[in-house]
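The lines below spell out each chain.
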Number of protein chains: 2
Amino acid sequence: MNRYSLAAAMFPLACVAAVFIPFRKTSSVHAAPATAPVYDKNENLLPPADYREWVYLSSGLDMSYNPKSSGPGGESMFDNVFVDPQAYAKFVATGTWPDKTMLVLESREAKSKGSINLRGHYQGTGLMGIEVHVKDETRFPGGWAFFDFDSPSVHGTLIPQKAPCYSCHAAYGAVDTTFVQFYPTLLPVAQKRGTLSAAFLKENSEPAEK
Amino acid sequence: MNRYSLAAAMFPLACVAAVFIPFRKTSSVHAAPATAPVYDKNENLLPPADYREWVYLSSGLDMSYNPKSSGPGGESMFDNVFVDPQAYAKFVATGTWPDKTMLVLESREAKSKGSINLRGHYQGTGLMGIEVHVKDETRFPGGWAFFDFDSPSVHGTLIPQKAPCYSCHAAYGAVDTTFVQFYPTLLPVAQKRGTLSAAFLKENSEPAEK
C-alpha cells in the first residue's frame, strides 16, 4: 500500500482498493452541474467534473482509525468532502439523503512552508485522488456504492460491495451509512431531525474516552 | 491576545483586532444567496448567512507566518475560505476579482479523537469566528476592506484600514491583495491568465527556502 492509498484509507469515507497516482493537473471546474450519477456501458461512474462548485461539508488532515498509522514518508494529506447541491438541500430539510446523492472525497497534498506561511498546513495544487459515494437505491445492494477515480478526467471504477468500507460505513456512519458525525453543519441537522443511527446514539450516550 | 484572536491571526486572510468568542451555535444555512455586500446605517456589514453554500476555496490547519506561534493551550484550529459564486465564476473566467467580491474566512475547532477517528484532525461543530474580505471599489481606500464578526447572526465591524493586515495583503497577496497562492484551484487560473502580482512572481522566481 503506497502513501496515497494509505492516506486515503485514513478518511472515513474512503475505501480505496486501487493505488492512487497523484493527478498531474487540477480538475477543471467549468462543467455543467451534475444532477444525478451517470454510468457508462461498463457500469463505471462518469466523473463529477464540477464537484468543486458543490456544497462543501468538511476537511480533515491525516484522519485515521489507526492511532499509529502514518504514510511511509510521514507526508500529510488533507481530505475535503463535497456533496451535490440537490442532496444537500434535501438533507438540510429532512436530515436524510435522497436517492441519487453523490458525496465526493478529494485527497489533496498538505504543505507547510510556502509564501508567508511558516507553520501549520495548507492545501497545495497536488490532487492525490477522488472517491465518490453514490446512493442509487435500485442499482446497488444496500442502496450505496463507492467509486474510485484514478484521475478526475476518467471514469470511476466500482469498489466491490465486499470491501470493508461498506461494512464500516454501515456500522459507524451516523446517518444512512455516511459519516455525518464529521460534517459540522449537518450533524446538528440530523440531531434536530432525529435521523442519527441507533448505533451512533448508543456510542455517544457512553462516556467519551480521554 | 487570547487563543481565538491568535489562531485567527495565523491565517493569511485574517486580520483580527477584536477578541473572538466561540459561537454558541452553528450558522444557519437557509438564507437566500447574497449577491453583493449589504451595510447597515452604521456602515457595518450584514452577515452573509448562506456562506456555507458558497464556493469553497481551501482550508488550513494552524497556519501562521510566525514559525513559533501557538495558542496558549496549544489548541489547533481549522480555517475554511469561501467565496460568493458570482465572484468565483468571474475569477475562473478572468483571473481577477470583480467589484462586490466577498471572501469569508471561517475559523473552526479542530478535534482529534472522536467516533472512529483516532489520529489527525477533523472539524468540530464549534465555530470560532468569521471574517469577511469585501471588494467595494467606491467605498474603501484601496478597494478592499475586512469585517470582523463576533457571531454569524450579528453585523460585522470594519477593521480599520491602518491595521497591518491591509499592508500585508497588499504586499504578499498573489492576486489583488488576496492570498490566491493558498487556493489550489485558483492559483492555476491566475497563472494561466497572467494575473499574479509582480511581487509574488519575483518571490517565486527565487530559490525556495528549504
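Worth saying up front: this structure is predicted, and the values here are computed from it rather than measured.

Definitions and limits used
Residues numbered from 1 in each chain as written. Chains lettered and ligands numbered in written order. Predicted model: local features only at pLDDT ≥ 70, side-chain atom pairs only at ≥ 80, totals over all residues. Helix = DSSP H or I, 4+ residues; strand = E, 2+ residues; numbered from the N terminus. Buried ≥ 20, exposed ≤ 12 C-beta atoms within 10 Å, placed from the backbone. Contact = placed C-beta atoms within 7 Å. Pairing = 2+ DSSP bridges. Core = buried A, V, L, I, M, F, W, Y, C linked by C-beta atoms within 7 Å. Nonpolar A, V, L, I, M, F, W, Y, C, P; charged D, E, K, R; others polar.

Some words on the overall build of chain A
Here is step 1: On a plain count of helices and strands, chain A comes out with five helices and six strands.
Here is step 2: Going through the 210 residues of chain A one by one, you find that 49% of them count as buried.
Here is step 3: Long-range contacts, defined as pairs at least 24 residues apart, comprise 59% of the intrachain contacts of chain A with a sequence gap of at least 6.

Considerations on unusual backbone geometry
Here is step 1: The backbone of Glu43(A) shows a phi angle near 70 degrees, a positive value even though the residue is not glycine.
Here is step 2: Position of Glu43(A) among the secondary structure elements: in the loop between α1 (3-10) and β1 (55-64).
Here is step 3: On the basis of neighbour count, Glu43(A) is assigned to the exposed category, with 12 C-beta atoms found within 10 Å.
Here is step 4: Look at Lys100(B): it is not a glycine, yet its phi comes out positive at around 80 degrees.
Here is step 5: Take Lys100(B): it is sitting in the loop between α2 (85-94) and β3 (102-111).

Observations regarding the pairing of strand β4 (residues 119-135) of chain B
Here is step 1: The buried fraction of β4(B) amounts to 13 of the 17 residues, a majority that puts the element mostly inside the structure.
Here is step 2: In the sheet, β1(A) pairs with β4(B) via three bridges, with the strands oriented antiparallel. Bridge pairing in β4(B) places Ser64(A) opposite Arg119(B).
Here is step 3: In terms of strand pairing, β3(B) meets β4(B) through nine bridges, oriented antiparallel. Bridged to Met102(B) within β4(B) is Val134(B).
Here is step 4: Of the strand pairs in this sheet, β4(B) and strand β5 (residues 144-149) of chain B are connected by six bridges, and their pairing is antiparallel. Opposite Glu131(B), over in β5(B), you have Asp148(B) as the bridge partner.

Things to note about the nonpolar core
Here is step 1: By size, the foremost hydrophobic cluster in this structure holds 82 residues, and its most contacted members are Phe82(A), Val104(A), Phe82(B) and Val104(B).
Here is step 2: Other than its neighbours up to four places away in sequence, Val104(A) contacts Pro48(A), Tyr51(A), Trp54(A), Val81(A), Phe82(A), Ile130(A) and Val132(A).

So, the interface of chain A and chain B
Here is step 1: At the junction of the two partners, chain A supplies 42 residues and chain B supplies 42 residues.
Here is step 2: Listed by contribution, the elements that provide at least two residues to the side of chain A that touches chain B are β1, β4 (119-135) and α4 (187-193) of chain A.
Here is step 3: With nine residues, the top contributor of residues to the side of chain A that touches chain B is β1(A).
Here is step 4: Broken down by class, the residue content of the side of chain A that touches chain B amounts to 19 nonpolar, 16 polar and seven charged.

As far as function goes, none of this settles anything; it's purely spatial.
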